[in-house]
Amino acid sequence: DTEVTQTPKHLVMGMTNKKSLKCEQHMGHRAMYWYKQKAKKPPELMFVYSYEKLSINESVPSRFSPECPNSSLLNLHLHALQPEDSALYLCASSQYQGQARTTGELFFGEGSRLTVL
Amino acid sequence: GNSVTQMEGPVTLSEEAFLTINCTYTATGYPSLFWYVQYPGEGLQLLLKATKADDKGSNKGFEATYRKETTSFHLEKGSVQVSDSAVYFCALSKNYGGSQGNLIFGKGTKLSVKP
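As the structure is a computational prediction, the values presented were derived from the model and not from experiment.

Q: Just to check I follow, could you spell out the side chain of N75 of chain A for this structure?
A: By the element assignment, N75 of chain A lies in strand β8 (residues 73–79). The contact partners of N75 of chain A, leaving out residues within four places of it in the chain, are L21, K22, W34, S65, P66, E67 and P69 of chain A.

What follows is the structure, given as structure tokens:
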């Protein structure tokens, strides 16, 4: 069983809708991530939060808005999306030890499959 | 820059056949190396990992050895099952400093195992 939980598993939305994807982990990890995966492609990093602060934004359009309310939760707010934004959105978490050496292992959720009409 | 190259798929094998999926990497320093597996309709699961040269990662009959001299991390299994059908991603991570979370993935190799 995955220890990173994502909801909803499936989401269909129109281009004018506002929706949110949610992610939760209880492993005590202080780094959380959003990845986007198109069909038959590897995941692409979107955002990284470290200690609840946004540390990496991979030039993601502003129609995607991440939020980290606390160390266990990560949200991705969606507004005015385009059909090409349809994809599997994966949340992940990892230990974070600042400048110290870590294994770099990420734990992924099962993803939220988004369809934009 | 850092990159991962893995063999193009799809790979189709009969049950109990031997599996090799090649993976080579380019990186500065000493990255950690991973194989992740993605079953149809699911997220990514860590299959195995190695954090330093000559380490062997193993899990569920799969193995991979971190070879610094050939910059490789090939995935092997002696006898595949139908249930191993999935997409396999090789990945590396710079495991220090400000590169937190920068997992670099290969393009993925789809494996289909026939009964």
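Back to the text.
Q: What should I look at first to understand unusual backbone geometry in this one?
A: Note: most residues except glycine have negative phi, and most peptide bonds are trans. For the peptide bond that leads from T7 of chain A to P8 of chain A, omega is -10°, which places it in the cis range. Between G9 of chain B and the following residue, P10 of chain B, the backbone shows a cis peptide bond with an omega angle of -5°. Take P10 of chain B: it is sitting in the loop between β1 (3–6) and β2 (11–14). In this structure, E16 of chain B takes a positive phi of about 80° despite not being glycine. In this structure, E16 of chain B sits in the loop between β2 and β3 (19–21). Phi is positive for T71 of chain B, close to 45°, though the residue is something other than glycine.

Q: What's the story with the pairing of strand β4 (residues 31–37) of chain A in this structure? I'm lost.
A: Consecutive side chains along a regular strand alternate between the two faces of the sheet. Residues and elements named next belong to chain A. Counted residue by residue, β4 has seven buried out of seven residues, so it is predominantly covered. With six bridges connecting them, β4 and strand β5 (residues 44–50) associate as antiparallel partners. In the sheet register, M32 faces β5, and the bridge partner there is Y49.

Q: So what exactly am I meant to see when it comes to the environment of E105 of chain A here?
A: By the secondary structure assignment, E105 of chain A is in the loop between β9 (87–94) and β10 (107–108). A residue is classified by how much of its surface remains accessible, and E105 of chain A, at 12% relative accessible area, is buried. Residues E105 of chain A and A31 of chain A, spaced 74 residues apart in sequence, show a C-alpha to C-alpha distance of 11 Å. Among residues more than four places away in sequence, those in contact with E105 of chain A are S93 and S94 of chain A together with F34, Y36, L46 and K49 of chain B. Polar side-chain contacts of E105 of chain A include one of 2.5 Å to the side chain of K49 of chain B.

Q: Quick question: what am I supposed to make of the state of the cysteines here?
A: As used in these notes, a disulfide is a covalent bond between sulfur atoms, one from each of two cysteines. On inspection of all chains with the given rule, the structure shows two disulfides over all chains. Here C23 of chain A engages in a disulfide with C91 of chain A; their sulfurs sit 1.9 Å apart. Disulfide C23 of chain A to C91 of chain A: torsion about the S-S bond roughly -75°, handedness left-handed. On the criterion of sequence distance, the pair formed by C23 of chain A in strand β3 (residues 18–25) and C91 of chain A in strand β9 is long-range, its members being 68 residues apart. In this model, C23 of chain B is linked to C90 of chain B through a disulfide, with the two sulfur atoms separated by 1.9 Å. What sets the handedness of the C23 of chain B and C90 of chain B disulfide is the S-S torsion sign, and at about -70° it is left-handed. Taken together, the residues span a long stretch of sequence, with C23 of chain B in strand β4 (residues 23–26) and C90 of chain B in strand β10 (residues 86–93) at a distance of 67 residues.

Q: Where do I start with the sheet that holds β3 of chain B in this structure?
A: One key point about sheets: their strands pair by backbone hydrogen bonds, in either a parallel or an antiparallel sense. Residue and element names in this part refer to chain B. The strand order across the open sheet formed by four strands is β3-β9-β8-β7, and the pairing between neighbours is antiparallel. Sheet topology places β3 and β7 (56–59) at the edges, where each strand pairs with a single neighbour. Taken pair by pair, the neighbouring strands of this sheet meet at an average axis angle of 15°, ignoring direction. Alignment of β7 against strand β8 (residues 62–65), held across four bridges, turns out to be antiparallel. Of the residues in β8, the one forming a bridge with G57 is A64.

Q: Whenever I open this one, the nonpolar core confuses me. Can you help?
A: The tendency in soluble globular proteins is for nonpolar side chains to be buried side by side. Residue and element names in this part refer to chain B. Counting 27 residues, the largest nonpolar core has W35, L47, L48, F73, L75 and Y88 as its most contacted members. Among the secondary structure elements, those contributing two or more residues to this core are β2, β3, β4, β5 (32–38), β6 (44–50), β8, β10 and β12 (109–114). Of all the elements, β10 adds the most residues to this core, at four residues. Residues contacting L75, with those up to four places away along its chain left out, are L19, T20, I21, W35, L47, L48, F62, E63, A64 and Y88.

Q: Would you mind going over the sheet that holds β8 of chain A with me for this structure?
A: Residues and elements named next belong to chain A. With antiparallel pairing, four strands are arranged side by side in an open sheet as β1-β3-β8-β7. The open sheet has two edge strands, β1 (4–7) and β7 (64–70), and neither has a second partner. The mean angle between the axes of side-by-side strands here comes to 20°, regardless of whether they run parallel or antiparallel. Inspection of the sheet shows β1 paired to β3 by four bridges, in the antiparallel sense. Looking at β3, one finds that T7 is bridged to K22.

Parameters at a glance
Residues numbered from 1 in each chain as written. Chains lettered and ligands numbered in written order. Predicted model: local features only at pLDDT ≥ 70, side-chain atom pairs only at ≥ 80, totals over all residues. Heavy atoms only, no water. Helix = DSSP H or I, 4+ residues; strand = E, 2+ residues; numbered from the N terminus. Contact = heavy atoms within 4.5 Å. Buried < 20%, exposed > 50% of the residue type's maximum accessible area, 1.4 Å probe, protein only. Pairing = 2+ DSSP bridges. Polar contact = N/O pair within 3.5 Å; in protein donor to acceptor, adjacent residues only side chain to side chain. Disulfide = S-S within 2.5 Å. Axes fitted to C-alpha atoms, helices over the stretch in contact; angles between N-to-C directions. Core = buried A, V, L, I, M, F, W, Y, C linked by side-chain atoms within 4.5 Å.

Just distances and angles here, no functional claims.
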